[in-house]
Amino acid sequence: MKRTLSAILCAALCLVFALAGAARADVVKPNDDFYYYDDAGVMTDATRAMIYYNNVELQKAASCHRRG
């Protein structure tokens, strides 16, 4: 009984990890609205530009350390 339960648990974990890997494949590509969402319309253009610029720089720095 323990062995059967362990096998089922192992299979379930493998399935979870496989699905998590597949979900990672659908990464959103950055665009002008990617880094902020201002539904209320309260951010100034300067604030949006600062958020966008800083996140682009962060993405560049992070991609240097990522293995492809």
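Check the entry above for the structure.
Note that this is a predicted model, so its numbers are computed, not measured. (Residues numbered from 1 in each chain as written. Predicted model: local features only at pLDDT ≥ 70, side-chain atom pairs only at ≥ 80, totals over all residues. Heavy atoms only, no water.)

1. A look at the overall build of the protein
Stated formally: Helix and strand definitions here come from DSSP, where helices need a minimum of 4 consecutive H or I residues and strands a minimum of 2 consecutive E residues; each element is numbered from the N-terminal end. The classification of residues rests on relative accessible area computed with a 1.4 Å probe and restricted to protein chains. Under 20% of the type maximum is buried, over 50% is exposed, and intermediate values are partly exposed. Surface exposure here means Shrake-Rupley accessible area, sampled with a 1.4 Å probe, where a residue is shielded only by the protein chains that are shown.
When its secondary structure is counted, the protein shows two helices and zero strands. Buried residues in the protein amount to 7% of all 68 residues. Entry remark: accessible area of the protein is about 6,400 Å², with carbon and sulfur atoms responsible for 63%.

2. As for the pattern of salt bridges
As a reminder of what qualifies: What makes a salt bridge here is a side-chain nitrogen of Lys or Arg within 4 Å of a carboxyl oxygen of Asp or Glu, nothing more.
What the rule picks out here adds up to three salt bridges. Among the salt bridges present, the one from Asp 38 reaches Arg 48, with a minimum N-O distance of 3.6 Å. One end of the pair, Asp 38, is in the loop between helix H1 (2-24) and helix H2 (45-65); the other, Arg 48, is in helix H2, with 10 residues separating them in the sequence. Owing to a relative accessible area of 22%, Arg 48 belongs among the partly exposed residues under this scheme. Of the charged contacts in the structure, one is a salt bridge between Glu 57 and Lys 60, with a shortest N-O distance of 3.5 Å.

3. Some details on a nonpolar patch on the surface
Applied cut-off: Patches here: salt-bridge-free residues with over 30% relative accessible area, like charges joined within 9 Å, nonpolar side chains (Val, Leu, Ile, Met, Phe, Trp, Tyr) joined within 5 Å.
On the surface, a nonpolar cluster with roughly 340 Å² of combined accessible area is contributed by Leu 9, Leu 13 and Phe 17. Following the sequence through the fold, Phe 17 ends up in helix H1. What makes Phe 17 exposed here is its relative accessible area of 63%.

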